[in-house]
Amino acid sequence: MHLPEYYEFCCTVKTVAGHDVLESIPELLSKMNSKKTMIITDKGVELAGLVKIVTDAISENIEIGAIESDVPPDSDVRVVNNLSKIYVKNGCDSIIAVGGGSVLDTAKGVNIIVSENSDDLMKFTGAGALKRKLRPLVAVPTTSGTGSEVTSVAVIADPERNKKMAFSSLYLLPDIAVLDSRMTLTLPDFLTSQTAMDALTHAAEAYTCLSKNPVSDIHAINAIKLITENLLNVIKNPTDKEGRLALATAANIAGMSFSNSMVGMVHTLGHSIGAVCHVPHGTCMSILLPYGLEYNMHKTGEYTGELLYPLAGDKVYSKTPKSKRPEKAIEYIRDLNQKLCDATDGRHPVCLKDVLDRDGNMMVPEDKLPEIAKTALGDGSIFYNPEELDFDDILKVLKFAWSGEKLDRSLWIHKNSFKNQESL
Amino acid sequence: MLPESFNFMCPSKTGSGFRALDQLPSDLVAINASHPLIITDKYCSGKYTKTIENAFKCSEMTLGIYNGIKSNSGIETVSELAKIYNNNGFDSIIALGHGRIADIAKILNIVVSGKPDDLKELAGVDKITSPLKPFVYIPVLNSDGREATGDAYLDDEISFSSNFLMPNIVCIDPRIITEESPYKVINSAFRALTIASESYTEGDNPLSGAYEHIAIEFVMTNLKNVVENSYKEKKRFSKLNLDTTESKERICLVNASIMSGYIYSNKPQGISEKLGYAISKKCRVEPGIAMGIVLPYSLEYKANRKNYDLEKFMLPIAGLDIYCSTPAGQRFDSAIGQIRYLQNEFYSITSTEVPRTLEDAGLDESMLSEIAKEVACDDYHEATCFFILEHAFYGKPVLP
Ligand SMILES: [Fe+2]
């Protein structure tokens, strides 16, 4: 096992998982001395009937002071301020966030304001600004991908100042993450596959990028195994409770894995495609992951090769010679993407040119690639990638990902020191 | 397949490796602590406080040091420490060392975080309901992991158990993880191996799986080298050996112990663990060593009688490559074989100081039924406990 000279690991979130664990929320909250809670969610989650499942499960045993579903797709400081007022006015003393990343970010923002008794979120941006525990916060994720229920960051937009405020503190970690299979049972197939591939990418990048450590490594292996063993089944059989719980758990441990080890170029490029062309994050991840692993192979091929075990199982792993494992692992990821594409009637695209919007228009026209590459150079995650990337490198990689062709690694052979080339 | 429901929590931040202590001042600031009181004993303060003071030199913090902990320290020490803590405006506690030191530090934390008279009322399980003062734990090589749990023992009558007692930060620094007697190291490592293995084979909790896996793998790959090196060191009369490989191996063992503490705080005790404690009360053997003796037999019992698929146990025991290349039907036996191999090696390396069987340990055979009676529970009836003990007494594998 790889042991770095120094490593840190921290996830203070208590995770509770199962098929009927929403019911345990009142007891968990009362242990934290909470008597009246506020549910923060969004319209989509409410319309899907998920809020009702939560309230039915808890309302007998804890008072619900407010249910607010006014969260926009990108969390917004005005909404945060508004919800904070409602929290105070209704005498709430804890929050249950039911939803995805933006709901949780909003809830984290509200929790800062009500705990610090301040009306200016700006004061708490940046690392180290929070110095003590906030009020109780329970996260109930409704997708199985981002792992944001175990991450210590929040991004909240300030439209008036045209700024995005970034918050980072261990105190932003929710106290409790509740993974209940009922919350993802109705997630449509293409969202299930996208979000699961986001989680798989968190794990694969955590395992192969620069800040890997023993805990992030094993969480990553276990997350990938849960995903490859369950994802296709769940797509074909959406009401598979066990499979749903496995995917939710995989996203959770993949979240713990990458939040303690950082991600690399797949996220760098993915963020940029999202910013320039508004392609959903999970779609970018599933398309780019094979390319990220190929690009870094001369540096981290050994680690990529070890991923063959959770991707393909022990038999394939032991039958494949060590030198062939990295390529085989990548082949398995491509193959999984193709199967997901087939199972969702093409709504899980395998290359950028196939990503279409609702009206069937191409979302990533080829002439946008230079702009994407330029944006990528400014993304923080680029520093954690094992191999350096300049504008030309990124553009070349993007072109392959656009057409869906395998990366031609020989294009880089003259530039980078392929010192491990022979051994791979 | 996943269990119907499962959970896990670990409130501690773990920092491990090169110059870990240097991170401590800023980590303390992040949890609003600026004036920590270090609690330790004479032995550790003589050996390590210079290193810790140096790590804090660049910060503006002033440290207090109390080095009066003894193996029999009790409520008087807690009261004395509470006075020191309150009169000098300390705002956080650092425990440096193992066992008793951490117990006293945790109990002090209860006292200085609330009303001292509460102590008796807060005894028992989950009686503490809100966070205590910032608490840091700095382990040494023979820390057995109990220090990182939510348990604290004051005396035979009063003990505490609450997640709020777990450290906020565990700081594992190779400069503190120095030479220790092989017997003590094996004792701590076998305790970690037992807790992690029993948890790993008790169902598939993917949330604790990483900690279990790492604790098992770290003990299996590093313990033998650390033990052998400690004999070599004695011959060389070297006081402090910070050679990278050797210090990495020690760091791995302490990681394993600390992780076993995290696992322990999330699970009921396993049968080998319980038997180990009971055995150690009846003969001159430390609990961790006794657990290690019982472990292979109780796992074999589990594999045979409970129809668990324990083949996967070989993965953390032997590592990915060996696991995958071993045919499926051989994996569990081979994993158990590796534990036994290690135990037999230690018997010879330590010139029989570390026993392989309960008979080696000097346990009177007539005690077996008494121990079985004492430990029996719903999952493991008296007859079952006796069955496992009897096999561990003679070193006789439990056949399918
Ligand atoms: Fe992601």
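Residues numbered from 1 in each chain as written. Chains lettered and ligands numbered in written order. Predicted model: local features only at pLDDT ≥ 70, side-chain atom pairs only at ≥ 80, totals over all residues. Heavy atoms only, no water.

## Focus: the packing of helix H9 (residues 271-282) of chain B against helix H14 (residues 367-375) of chain B
Residues and elements named next belong to chain B. Running from N to C, H9 and H14 cross one another at 130 degrees; their axes reach a closest spacing of 10 Å. In terms of orientation, H9 lies oblique with respect to H14. The element H9 and its partner H14 pack so that their crossing is right-handed. Mapping the contact onto sequence places Ile271, Lys274, Leu275, Ala278, Ile279 and Lys282 in H9 and Met367, Glu370, Ile371, Glu374 and Val375 in H14. Among the residues forming the contact of H9 with H14, the class breakdown is seven nonpolar, no polar and four charged. (Axes fitted to C-alpha atoms, helices over the stretch in contact; angles between N-to-C directions. Helix = DSSP H or I, 4+ residues; strand = E, 2+ residues; numbered from the N terminus. Parallel < 35°, antiparallel > 145°, perpendicular 65-115°, else oblique. Left-handed = near helix turned anticlockwise from the far one by under 90°. Contact = heavy atoms within 4.5 Å. Nonpolar A, V, L, I, M, F, W, Y, C, P; charged D, E, K, R; others polar.)

## A word on the domain arrangement of chain A
Residue and element names in this part refer to chain A. The domain architecture assigned to chain A consists of domain 1 (14-183) and domain 2 (189-411). A straight line from the C-alpha centre of domain 1 to that of domain 2 covers 28 Å. Taken together, the 15 residues of domain 1 in the interface contact 18 residues of domain 2. Summing both sides of the interface, domain 1 and domain 2 together bury roughly 1,200 Å²; the carbon and sulfur share of this comes to 64%. Our enumeration of links across domain 1 and domain 2 arrives at zero salt bridges. (Domains from an automatic or database assignment. Buried area = accessible area lost by both parts, 1.4 Å probe. Salt bridge = Lys/Arg side-chain N within 4 Å of Asp/Glu carboxyl O.)

## Quick word on the side chain of Thr192 of chain A
Residues and elements named next belong to chain A. By the element assignment, Thr192 lies in helix H6 (residues 189-208). A distance of 3.2 Å separates a polar side-chain atom of Thr192 from the backbone oxygen of Leu187. Not counting residues up to four positions away in its chain, the partners in contact with Thr192 are Leu187, Leu231, Val234, Ile235, Arg244 and Leu247. (Polar contact = N/O pair within 3.5 Å; in protein donor to acceptor, adjacent residues only side chain to side chain.)

## A look at the coordination of the iron ion
Residues and elements named next belong to chain A. Taken together, Asp198 (OD), His202 (NE2), His267 (NE2) and His281 (NE2) make up the protein donors of the iron ion, found 2.2 Å from the metal. Here the donor residues for the iron ion map to a single chain with the spacing D-x3-H-x64-H-x13-H. You can see Asp198 and its partner His202 sitting in helix H6, four residues apart, about one turn around the helix. Of the two residues examined, Asp198 and His202, each falls in the buried class. (Donors = N, O, S within 2.8 Å, 3.2 Å for Na, K, Ca; no water. Buried < 20%, exposed > 50% of the residue type's maximum accessible area, 1.4 Å probe, protein only.)

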